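Chain and residue survey
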Amino acid sequence: MWQTQFLETINHLKDHNLLRTLTPLDNGADTTVTIEGKKLLAFCSNNYLGFANHPKLKAAAIKAIQMFGVGAGASRLISGNSRLYETLEEKIAHIKSCEKALVFNSGYTANIGVLSALIQKDDLVLCDRLNHASLMEGIKLSDGSLRVYRHKDMHQLKSLLARRTVNRKAIIVTDGIFSMDGDIAPLPEIVALAEQYDAMIYLDDAHATGVLGANGNGTCEHFNLHSDRIIQMGTLSKALGCFGGFVAGSPLLISYVVNKARSLIYTTALPPSVLASALAAFKLIEEEPMHRKRLWDNTTSVHKSVTALGYNTCDSKTPIVPILVGEADCAIAFSKRLMQAGIYVPAVRPPTVPKGQSRLRITLMATHTQEQIAFLICKLKEIGKALGIL
Ligand SMILES: *Cc1c(COP(=O)(O)O)cnc(C)c1O
């Protein structure tokens, strides 16, 4: 019975070009990857600043391993709360302009832990349709009543807030940079609505931390915005190049989360080396803004070229550059042809994106060279024409 169910599911996915498999890589997150002995140019990592293999981060991790060993040994509330947490959390609070921050084992566990702890029965939860899966998961673990609004549709958000019955708390949940479209949430408008209708905002800055804003501090800095209504969440695993997640806000909020977030309470703390390398990453962001500048130079250059070729890039404004092709089989064919040409750009299909919106998803890094980018553009043109997309 179980076997039959597995087989039916797998066959169904295969038939619809939706089967997912894991590809082993022979190297770290870099601008090139080696798959089955073949070296490919890679545009598929969230390691935006190239920090995942930066010597300073490696050195910090090695030093921490020598001092503290490899594993934390227990949860943060038992005996795993290395003092490195405190330093790292102070740093995060500072860059997020908040009083306090709290580190989780990943962005995913931060979202499920914090949202499920915050949202109480009958609270109104307003969620952008393109929000990350981990946000939806966190909300589903709560008893709140979920309303999904069309992507960045402020009229719909307003009317949902206006229709709220009195005495119900409300929270607006949004990505800062949307992970599959690369566009930016209209945060000033969201804050204005939150003020007008007395709502909180939960901002997922997974892709924006280290990337957006004059100092790489994220979406709030990008808009020069500060509001006590915003709870900021982020990850240490993308631009920071490490691992872990965090939430930042008031001391009262953090104290509440420490007591209520099950994904913090019932899991072993992060290895000290991970905390040390994340701290080194934040220092590097402060001290060496040229990494972010290179990332944005590459981003501007690719946006210009891809748009000039005539591709639809979904209003992307960031290093996440989607190329919309429509059907899953077309996206797969495109990705395969690029792979044959020596370039790895993954195809993203439902359920990660809505049906009919399958795409290639290019992500750029500070460490991509101009030659690598020129080669990508050349192949996007050639293959796009061959497949009849251009
Ligand atoms: C990647 C991502 C997460 C999860 O973060 P991890 O640290 O990888 O678990 C959460 N939200 C968004 C928007 C993301 O893109």
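The structure presented is a predicted model; accordingly, all values stated were derived computationally and were not measured.

Side note on the side chain of Thr318
- As for its placement among the helices and strands, Thr318 is situated in the loop between helix 12 (290-309) and strand 10 (320-326).
- Sequence-distant contacts of Thr318, that is, excluding residues within four places in its chain, are made with Ile177, Gly182, Ile184, Trp296, Thr299 and His303.

Quick word on the packing of helix 2 (residues 55-68) against helix 11 (residues 272-287)
- Running from N to C, helix 2 and helix 11 cross one another at 145°; their axes reach a closest spacing of 8 Å. When the axes of helix 2 and helix 11 are compared, the crossing they make is right-handed. Contacts between helix 2 and helix 11 involve Lys56, Leu57, Ala60, Ala61, Ala64, Ile65 and Phe68 from the first element and Pro272, Ser273, Ala276, Ser277, Ala280, Ala281 and Leu284 from the second.
- Within the contact of helix 2 with helix 11, the residues separate by chemical class into 11 nonpolar, 2 polar and 1 charged.

Examining the environment of Ile373
- Structurally, Ile373 can be placed in helix 14 (residues 370-386).
- For the pair Ile373 and Ser305, spaced 68 residues apart in sequence, the C-alpha to C-alpha distance is 9.7 Å.
- Excluding its chain neighbours within four sequence positions, the residues that come into contact with Ile373 are Phe43, Asn298, Ser301, Val302 and His368.

With respect to the pattern of salt bridges
- A complete count under the given rule lists 14 salt bridges for this structure.
- For the salt bridge of Asp181 with Arg359, the shortest nitrogen-to-oxygen distance reads 2.7 Å. One end of the pair, Asp181, is in the loop between strand 6 (170-175) and helix 7 (187-196); the other, Arg359, is in strand 13 (residues 358-363), and 178 residues separate them in sequence. Across this residue pair, the class does not change: Asp181 and Arg359 are buried.
- With a shortest N-O distance of 3.1 Å, Arg229 and Asp198 are connected by a salt bridge. Within this pair, whereas Arg229 is found in the loop between helix 8 (219-222) and strand 8 (230-235), its partner Asp198 is found in the loop between helix 7 and strand 7 (200-204), the two being separated by 31 residues in sequence.
- The exposure class assigned to Asp198 is exposed, which follows from its relative accessible area of 52%.

Regarding the packing of aromatic side chains
- Summed over all chains, the structure comprises 2 aromatic pairs.
- Where Tyr311 meets Phe334, the ring centres are 6.3 Å apart and the plane angle is 40°; that geometry is what we call tilted. Of this pair, Tyr311 sits in the loop between helix 12 and strand 10 while Phe334 sits in helix 13 (residues 328-340), and the two are 23 residues apart along the sequence. One exposure class covers both Tyr311 and Phe334, and it is buried.
- Seen from the ring of Tyr85, Arg76 lies directly overhead, with NZ or CZ sitting 3.6 Å from the centre.

Details of the site of the ligand
- Residues in contact with the ligand amount to 15 residues; listed here are only the nearest, Gly107, Asp204, His207, Thr235 and Lys238.
- Out of a free accessible area of 380 Å², the ligand has 87% covered by protein chains.
- Broken down by element, the shell around the ligand gets its largest block of residues, 3 residues, from helix 4 (residues 107-118).
- Classifying every residue of the shell around the ligand by side-chain character gives 2 nonpolar, 10 polar and 3 charged.

Here we look at the sheet that holds strand 7
- Strand order in this open sheet of 7 strands is 3-9-8-7-6-4-5, and the pairing throughout is mixed. In this open sheet, the two edge strands, each paired with only one partner strand, are strand 3 (100-104) and strand 5 (145-149). On average, adjacent strands in this sheet sit at an angle of 20° to one another, irrespective of strand direction.
- The pairing of strand 4 (residues 124-128) with strand 6 spans 4 bridges and is classified as parallel. Considered in strand 6, the bridge of Leu126 is made with Ile172.
- Where helix 6 (residues 154-162) meets the sheet, its contacts fall on strand 4, strand 5 and strand 6, and the angle it forms with strand 5 comes to roughly 155°.

Notes on the nonpolar core
- Leu88, Ile92, Val103 and Leu236 are the most contacted members of the largest nonpolar core, which totals 42 residues.
- The leading source of residues in this core is helix 11, at 10 residues.
- When we break this core down by domain, the ones giving at least three residues each are domain 1 (18-47 + 289-386) and domain 2 (69-287).

Overview of the environment of Val191
- Tracing the backbone shows Val191 in helix 7.
- Residues in contact with Val191, not counting those within four places in the same chain, are Ile201, Leu225, Ser227 and Ile230.

Some details on the sheet that holds strand 11 (residues 343-344)
- Taking strand neighbours across the sheet as the criterion, the 3 strands line up as 1-2-11 in an open arrangement whose pairing is mixed. Looking along the sheet, the strands with just one partner apiece sit at the ends: strand 1 (32-35) and strand 11.
- Where strand 2 (residues 38-42) and strand 11 come together, 2 bridges link them in parallel fashion. Bridging from a neighbouring strand, Leu41 pairs with Ile343 of strand 11.

A short note on the domain arrangement of the chain
- What the domain assignment reports for the chain is domain 1 (18-47 + 289-386) and domain 2 (69-287).
- For domain 1 versus domain 2, the separation of C-alpha centres amounts to 27 Å.
- Across the boundary between the two partners, domain 1 contributes 23 residues, which contact 26 residues of domain 2.
- For the pair domain 1 and domain 2, the summed buried area comes to about 1600 Å², and 56% of that belongs to carbon and sulfur atoms.
- It is Asn46, Arg292 and Ile320 that lose the most area in domain 1 upon contact with domain 2, and together they represent 33% of the buried surface on that side.

Rules used in this analysis
Residues numbered from 1 in each chain as written. Predicted model: local features only at pLDDT ≥ 70, side-chain atom pairs only at ≥ 80, totals over all residues. Heavy atoms only, no water. Helix = DSSP H or I, 4+ residues; strand = E, 2+ residues; numbered from the N terminus. Contact = heavy atoms within 4.5 Å. Axes fitted to C-alpha atoms, helices over the stretch in contact; angles between N-to-C directions. Left-handed = near helix turned anticlockwise from the far one by under 90°. Nonpolar A, V, L, I, M, F, W, Y, C, P; charged D, E, K, R; others polar. Salt bridge = Lys/Arg side-chain N within 4 Å of Asp/Glu carboxyl O. Buried < 20%, exposed > 50% of the residue type's maximum accessible area, 1.4 Å probe, protein only. Phe/Tyr/Trp six-rings, centres within 6.5 Å; stacked < 30°, edge-to-face > 60°. Lys NZ or Arg CZ within 6 Å of the ring centre and 35° of its normal. Near = heavy atom within 4 Å. Areas by Shrake-Rupley, 256 points an atom, 1.4 Å probe, with all protein chains shown as cover. Pairing = 2+ DSSP bridges. Core = buried A, V, L, I, M, F, W, Y, C linked by side-chain atoms within 4.5 Å. Domains from an automatic or database assignment. Buried area = accessible area lost by both parts, 1.4 Å probe.

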